[in-house]
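If you want the building blocks of each chain, they are given just below.
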Amino acid sequence: MTPPRSPDELHRIGYLGPRGTFTQMALEAWEGAAGREHVPYGSVDAALSALRSGDLDAAMVPIENSVEGGVSATLDALATGDPLVVIGEVLVPITFVLCAREGLSLSEIRAVGTHSHAWAQVRGWMGENLPDAVYVPTLSTAASAVALAAGPDTPFDAGVCAPVAAAQEGLTVLAEDIGDNHGAVTRFVLVARPGILPTPTGADKTTVVLFQRTDHSGGLLELLEQFAVRGVNLTRLESRPTGAAMGSYCFSIDVEGHVADARVGESLMGLRRVCADVRFLGSYPRADGIRAQPHQGTGDADFAAARAWLDGLTT
Ligand SMILES: O=C(O)C(=O)C[C@]1(C(=O)O)C=C[C@@H](O)C=C1
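Being a predicted model, the structure only gives us computed values, none of them experimental. (Residues numbered from 1 in each chain as written. Predicted model: local features only at pLDDT ≥ 70, side-chain atom pairs only at ≥ 80, totals over all residues. Heavy atoms only, no water.)

**As for the confidence of the model for the protein**
On average, the protein scores 96 in pLDDT, and the residues at 70 or more come to 99%. As scored by the predictor, the complex reaches a pTM of 0.95 and an ipTM of 0.97. (pLDDT = per-residue confidence, 0-100.)

See the structure below:
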């Protein structure tokens with residue numbers, strides 16, 4: 001199976017569905033969304049498995065929320081299994097409503113269904129307004145709205161979802177804008193099989209997962225200094241259990257810059273020498289368009305000049 005070599009060849013794109021999820025909004029907001037087939041999947045794992053098996057050309061999945069942090073299902077699925085790469089990112093502002101079938105009032109709500117990341121973002125509101133409500137996890141926010149609309153046999157009588165999901169399912173909105181943090185944003189990534197490397201724009205990010213050789217004092221510092229000495233700024237760092245044994249962790253990291261930028265490429269070479277494994281998860285344009293500001297001595301020209309100087313010493 002030949003993987004697509006350019007974004008133009010991405011025909012079938014999966015997303016965490018059903019329709020009305022924030023992930024669907026992210027896919028629709030992606031600049032290349034038009035004219036392609038958008039296919040909903042019930043979970044992040046299902047979408048990424050379909051991508052790995054060749055049923056999809058790409059998948060949009062959530063990776064990080066400004067309130068609740070990393071989306072473990074995505075981080076773990078990208079850190080293991082057949083390699084995948086991020087080829088784009090999208091930021092979506094998050095606004096939640098509480099919705100229910102017609103005829104129910106707020107005081108009658110006993111159980112609330114939603115995605116775990118959404119629950120974490122409305123916990124304060126729930127504590128104040130529905131302190132006795134039981135939380136029931138669903139695979140996405142929109143899944144709670146779809147279930148409520150499908151009939152009365154749901155283990156919850158209200159859902160937390162995007163306003164558009166409540167409207168699409170014809171549900172009554174009991175409360176609007178219930179997020180505890182009104183500036184909440186979720187970051188989504190468009191993932192593909194290796195073969196596509198977006199061209200550097202000057203405002204890029206690179207994602208890697210680092211696996212240490214041994215657990216020892218200063219181990220994380222050794223990894224981070226590969227970036228630090230070359231002037232590469234980190235934008236996200238998370239440790240995730242590898243699952244191999246208690247206390248065995250890998251590090252999921254985003255940095256500013258593109259693998260084609262000398263300071264980033266040389267950092268990855270340094271890490272390749274000192275790590276047991278470096279999983280490259282792609283270089284891609286950043287959604288906020290913020291350009292990297294390499295400080296003195298860390299631009300491409302500085303690395304090229306240093307290389308030429310070294311070559312001159314040995315010829
Ligand atoms: O359930 C959805 O609507 C999703 O797109 C998933 C998700 C997430 O994983 O964080 C996305 C945005 C919100 O922060 C809550 C849930």
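**A look at the site of the ligand**
Close contacts around the ligand come from 14 residues, with Phe22, Thr23, Gln121, Thr141 and Thr186 the closest. Here Phe22 contributes a backbone N or O atom positioned 3.0 Å from an oxygen atom of the ligand. Thr23 is positioned with one of its side-chain polar atoms (N or O) 2.5 Å from an oxygen atom of the ligand. In isolation the ligand has 360 Å² of accessible area, and contact with the protein removes 100% of it. Those elements giving two or more residues to the shell around the ligand turn out to be helix H1 (22–29), strand E3 (58–65), helix H4 (116–129) and strand E11 (185–192). Here the residues of the shell around the ligand sort into five nonpolar, nine polar and no charged. When residues of the shell around the ligand are assigned to domains, at least three map to each of domain 1 (1–94 + 183–195) and domain 2 (97–176). (Near = heavy atom within 4 Å. Polar contact = N/O pair within 3.5 Å; in protein donor to acceptor, adjacent residues only side chain to side chain. Areas by Shrake-Rupley, 256 points an atom, 1.4 Å probe, with all protein chains shown as cover. Helix = DSSP H or I, 4+ residues; strand = E, 2+ residues; numbered from the N terminus. Nonpolar A, V, L, I, M, F, W, Y, C, P; charged D, E, K, R; others polar. Domains from an automatic or database assignment.)

**A short note on unusual backbone geometry**
At the junction of Gly17 and Pro18, the peptide bond is cis and its omega measures out at 0° in the coordinates. Checked against the element boundaries, Pro18 lands in the loop between strand E1 (12–16) and H1.

**Concerning the pairing of strand E8 (residues 134–137)**
In this structure, strand E7 (residues 111–114) lies alongside E8, joined through four bridges in parallel fashion. Paired with Gly113 across the strands is Val136, a residue of E8. Regarding topology, H4 serves as the crossover connection from E7 to the parallel E8, and that connection is right-handed. (Pairing = 2+ DSSP bridges. Right-handed = clockwise from strand over helix to strand, strands pointing away.)

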